[in-house]
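# Close look at the chain arrangement
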Amino acid sequence: MKKLICPLLFLLSFNSLLYSQDYVISGTVKSREDVAVSFANVLLLKATDSSLVNGTSTDEDGTFKIKGIIAGNYLIKASFIGNESAMKAFQLESDTEIGSLILNDTDQRLDEVVVTSSKPRLEKKIDRLVFNIENTAYADGDVWDVLKITPSVMVINNKLTIKGSSEIGVLINGRKVNIPYDDIVNLLSGTSAANVQNIEVITNPPAKYSAENDALINIVMKKNIVAGYNGAVYNKYVQGVLPKHTVGTNHFFKGKKTQLSLNYSFQRDRDVIYYTDITNFVEDDNVSTWTEEQEYLNNKKQHNLSLFFDYDISEKTRLSFTTITLWQPNRHRTYDTETDVAGDDQFSRFLTLNNSEIQNLNTSYYIDYIHDLNEKGAQLSFNAHYTYYDENKDQLIESTFYNTDGVLFGNNDFTTDSEQEINLYSVQGDYESPIGKSGSFGTGLRYAGISSKSTIDQQGFDRDQPGIDPSEAGAFDYDESIYAAYVSYSGKWDKWKAKTGLRAEYAETEGELETENTSNERNNFQLFPSFSIQYLPNKKHNFDLYYFRKITRPRYNDINPFQTFQSTFSTIEGNPELKPSTRYYIAGGYTYDKSYTVELFYKKAKNVLSELIFQNNDNNLLQFISSNVNQESSYGIDFSISKDFTNFYNCYLLTSFYSETFRFTNISTNSLVELDQLGWFVRNSNSFSFLSDRSLTVDLNLIYTTAMLSGNTKVDAFGALNLMVRKTLYDRNLSLSLGIEDIFNQGNQFKQRNYQDQNGTSLKKGENRLLVMGLRYKFGNSKMRDNQKSKRVDERNRI
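Secondary structure assignment for the chain yields three helices and 44 strands. The 799 residues of the chain split such that 55% are buried. Considering only intrachain contacts with a sequence separation of at least 6, the fraction spanning at least 24 residues in the chain is 68%.

Our next topic: the environment of Leu216. Tracing the sequence through the fold places Leu216 in strand E16 (residues 215–221). For the pair Leu216 and Glu200, spaced 16 residues apart in sequence, the C-alpha to C-alpha distance is 7.9 Å. Excluding its chain neighbours within four sequence positions, the residues that come into contact with Leu216 are Gly169, Leu171, Lys176, Glu200, Val201, Ile202, Pro205 and Tyr209.

This next bit is on the confidence of the model for the chain. Looking at the chain, pLDDT values average 84 and 88% of them are 70 or higher. For the chain, per-element mean pLDDT is lowest for helix H1 (residues 110–113), which scores 34, and highest for strand E32 (residues 581–592), which scores 95. Between residues 1–20, whose pLDDT stays under 50, and residues either more than four places distant or in other chains, the model counts 94 contacts.

So, on to the nonpolar core. Across soluble globular proteins, nonpolar side chains have a tendency to be buried as a group. In terms of nonpolar packing, the biggest core is built from 49 residues, with Leu188, Ile217 and Ile219 touching the most fellow members. Contacts of Ile219, omitting those with residues within four sequence positions, involve Val143, Val170, Leu171, Ile172, Asn173, Leu188, Val196 and Asn198. By size, the runner-up hydrophobic cluster in this structure holds 18 residues, among which are Ile66, Ile76, Leu92 and Ile98.

On to unusual backbone geometry. Even without being glycine, Asp494 reaches a positive phi, approximately 50°. Mapped onto the elements, Asp494 comes out in the loop between strand E26 (473–493) and strand E27 (496–513). In this structure Asp494 comes out as exposed when scored by relative accessible area, which is 79%. At Asn620, a position not held by glycine, the phi torsion is positive, near 50°. With a relative accessible area of 14%, Asn620 lands in the buried category.

Below, the discussion takes up the packing of aromatic side chains. In this structure the tally under the stated criterion is 38 aromatic pairs. The interplanar angle of 40° and the centroid separation of 6.2 Å between the aromatic rings of Tyr229 and Phe779 together place this pair among those described as tilted. With Tyr229 in strand E17 (residues 228–239) and Phe779 in strand E44 (residues 770–780), this residue pair connects regions lying 550 residues apart in the sequence. Assessed through its relative accessible area of 30%, Tyr229 is described here as partly exposed. Assessed through its relative accessible area of 29%, Phe779 is described here as partly exposed.

This paragraph deals with the pairing of strand E40 (residues 718–729). Where strand E37 (residues 696–705) and E40 come together, ten bridges link them in antiparallel fashion. Bridge pairing in E40 places Thr697 opposite Arg726. Two elements, E40 and strand E41 (residues 734–741), share seven bridges in a ladder whose sense is antiparallel. Each residue of the ladder has a partner; that of Met724, found in E41, is Gly739. Hairpin connection between E40 and E41: a loop of four residues separates the two successive antiparallel strands, and Tyr730 in this loop has a positive phi of roughly 50°.

For the rest of this paragraph, the subject is the sheet that holds strand E8 (residues 96–102). Taken in spatial order, the three strands line up as E4-E1-E8 in an open sheet, and their pairing is mixed. Edge strands, defined here as strands with exactly one partner in the open sheet, are strand E4 (63–70) and E8. In this sheet, adjacent strand axes meet at a mean angle of 25° when their direction is disregarded.

What follows covers the pattern of salt bridges. For the structure shown, the criterion picks out 23 salt bridges. Between Glu315 and Lys65 there is a salt bridge, and its shortest N-O distance comes to 3.4 Å. Here the residue Glu315 occupies a position in the loop between strand E20 (286–312) and strand E21 (317–342), and Lys65 occupies one in strand E4, the gap between them amounting to 250 residues. With a relative accessible area of 51%, Glu315 lands in the exposed category. On the basis of relative accessible area, Lys65 is assigned to the partly exposed category, the value being 38%. Across the pair Asp593 and Lys540 runs a salt bridge, and its minimum N-O distance is 3.2 Å. Residue Asp593 is located in the loop between E32 and strand E33 (596–616), and its partner Lys540 is located in the loop between strand E28 (518–538) and strand E29 (541–552); the two are separated by 53 residues in the primary sequence. Overlapping salt bridges, with partners in common, bring together Glu167, Glu212, Arg503, Glu505, Arg553 and Arg555 in one network.

Glancing now at a negative patch on the surface. Negative charge collects at one region of the surface, where Glu283, Asp284, Asp285 and Asp618 lie side by side. Considering the arrangement of structural elements, one finds Glu283 in strand E19 (residues 258–283).

Turning our eyes to something else, we now look at the environment of Lys606. Along the chain, the position of Lys606 falls in strand E33. It is 9.5 Å that separates the C-alpha atoms of Lys606 and Arg663, two residues lying 57 residues apart in sequence. Lys606 has contacts with Ser581, Thr582, Val629 and Asn630, leaving out every residue within four places of it along the chain.

As a further point, take the side chain of Arg583. For Arg583, the position within the fold is in strand E32. Looking at Arg583, its side chain comes within polar contact range of the main-chain oxygen of Glu212, at 2.6 Å. Not counting residues up to four positions away in its chain, the partners in contact with Arg583 are Glu167, Glu212, Asn213, Asp214, Phe548, Arg549, Lys550, Ile551, Thr552, Lys604 and Ala605.

Looking at where Ile743 falls in the secondary structure, it is placed in the loop between E41 and strand E42 (749–755). Overall, the relative accessible area of 24% leaves Ile743 in the partly exposed class. As a C-alpha pair, Ile743 and Arg769 span 26 residues in sequence and 5.9 Å in three-dimensional space. If we skip the residues at most four places from it in the chain, Ile743 touches Leu721, Asn722, Leu723 and Arg769.

Our next topic: the pairing of strand E36 (residues 671–690). Pairing between strand E35 (residues 649–666) and E36: 18 bridges, direction antiparallel. Each residue of the ladder has a partner; that of Ser659, found in E36, is Leu678. Sheet analysis places E36 next to E37, joined by ten bridges and oriented antiparallel. Its bridge partner lying in E37, Ser689 is registered against Thr697. In this antiparallel pair of consecutive strands, E36 and E37, the connection spans five residues, and Leu691 shows a positive phi of 75°.

What counts, and at which threshold
- Residues numbered from 1 in each chain as written.
- Predicted model: local features only at pLDDT ≥ 70, side-chain atom pairs only at ≥ 80, totals over all residues.
- Heavy atoms only, no water.
- Helix = DSSP H or I, 4+ residues; strand = E, 2+ residues; numbered from the N terminus.
- Buried < 20%, exposed > 50% of the residue type's maximum accessible area, 1.4 Å probe, protein only.
- Contact = heavy atoms within 4.5 Å.
- pLDDT = per-residue confidence, 0-100.
- Core = buried A, V, L, I, M, F, W, Y, C linked by side-chain atoms within 4.5 Å.
- Phe/Tyr/Trp six-rings, centres within 6.5 Å; stacked < 30°, edge-to-face > 60°.
- Pairing = 2+ DSSP bridges.
- Axes fitted to C-alpha atoms, helices over the stretch in contact; angles between N-to-C directions.
- Salt bridge = Lys/Arg side-chain N within 4 Å of Asp/Glu carboxyl O.
- Patch = residues over 30% accessible without salt bridge, like charges linked within 9 Å, V, L, I, M, F, W, Y side chains within 5 Å.
- Areas by Shrake-Rupley, 256 points an atom, 1.4 Å probe, with all protein chains shown as cover.
- Lys, Arg positive; Asp, Glu negative; His and termini not counted.
- Charge placed at Lys NZ, Arg CZ, Asp CG, Glu CD.
- Polar contact = N/O pair within 3.5 Å; in protein donor to acceptor, adjacent residues only side chain to side chain.

Given below as structure tokens:
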């Protein structure tokens, strides 16, 4: 029984493996009559658990090559139209010629040959964690649901963090698909998890990537490694207070030189959230308490479309084209607010109705050219990218006021029309080459250009209201150019492994407010070093140390110098004077038996970008202002465990104990404020597989965190327990899933601001307890797919 208990005090390891020398495996597939077999399927499996590593098809002469394989023990097997070869075991230490794989007459299907994991597996490498999700209970859900159970990832009220940082980039197979954060949630919640092979949590991003992100989430999609066609249709239904529905389809095709993947989904979501906000405005020892009850309704339709196309120009040259589009043709949002006022000599109550219509288009295009220079693994690659983003928002705010006698005495109605149009484009070239038998070198150059244009038109507002200076009409143009270069090196020596890199970035920015004929120009050059070191004295012990320095540039909508309205007495304000934020992180840890880890960490950041909430006591106004937090620092210790306790039970557990400090300027008093917080959190994922064919899987996941800081706000404790069950039928072609999120409905969020002249609280009550149902049906003539497309673009998450 002790083996079935997941101890609390074991930790998350950080890194295990480094870049190693890649080798080529070659051979021939023949029939029993010694005739070469064209277009046979060749599968490379791990010797330890028979999980799939790679695969290919033979050429017309029956020969094959599998490239980019690291040293280790493997199994290899061939199959063709129901016939297969015997499994051949071998140890890979250099480029290897396997010889001939002879097909026999056994009638065993390809999908029966492949042995896959029936529960989540966590692989630890020197700069990342690899979370394999295939055949888990969440495989019929969406990618956003899977991120909620991914090791090291925390999702609280749809806010994504890794190791306490929200500076996270999202990639598809190594290339960024950054879009506004809300659209990231929308995109991933509309993408089927059944298309995902694994999720990499890159905790120390290589120097080839932008210096923007503390961590990267790389979603590794599936592709066909067997010639042919397959597809799927899926349906997901979620019931909270209101229903949400997603339908979609995926199609995969592989020919001799081409590979195509097309994915489409349609979402119809209706959400409701209730807020209770209490603000105590203080002026000359007089206190007026404003209690706001708000109902937020969100009704949206969304189309997600992605296409990936690969063409092998030659054996050494590949060309790829990718497009990803997110389109919201009609999103309707309503804020229905009732505010009661106590202690004010003018108001007793007022009602506000905020209706807005939003249309959003985000489409991106990528072209990749990759050329292998020699058989040793040297490679030259080029990437070009273009993104177009356009958002239009029309808003009508209607307010009705009642005096201290409860008598109607006034109205204030106004409209806001705004648009933001952004064009992003970039080009990048990379060169990679092995050095000796145990090292690799990389270098590259990159240029990115950004052009953003924002306009606003507000009409009908009572502009005599004290403390409010709304943007009546305006146009703000923002242009940015970023030049970057990097070098990186990785290698291993006896019991040591290392990976290091240095990235240089030079940025030029110019913002111009046309209505005031003012402009603001800046330029900035900075270096961003990073390294990871690993010492492995033997197979049981692993020591790690890593460090990085990063930067975050302001998001494009945060620098718009406009004052817009959430209600008559609350404003949202951009800030063209925002400064880039810089930060560094250092951590060291120890892992025992690849399962139990302890890690110490320290991080510090300056000019942290955040939206801070300030109450204007003179004018009874709440202001949501894009700001720089002067300094943020934290230190702590992580414990984790990731282990198969039995052949049907896998447990992952992470606990973290930390101290954090925020220092910022209170704009109403122009004085420095320091907030401190001691806290801890726990993440626990338990995965079970049942029945002889492991076709029934169950996942039980817990998250709990004590109070934490977010900008100038303290967030109270939060917890949730989720359950998901999945059953596959008809040779795994049909799968059904059923689950409950936040079983005990503990996901409500309470925030408070209580320092100097600030005194307010906010309670958010959302649709926490959800019933989730999923269905997926696969069809086609090839079972294995993996669309390995990658999007590495570094500015799009700043939209």
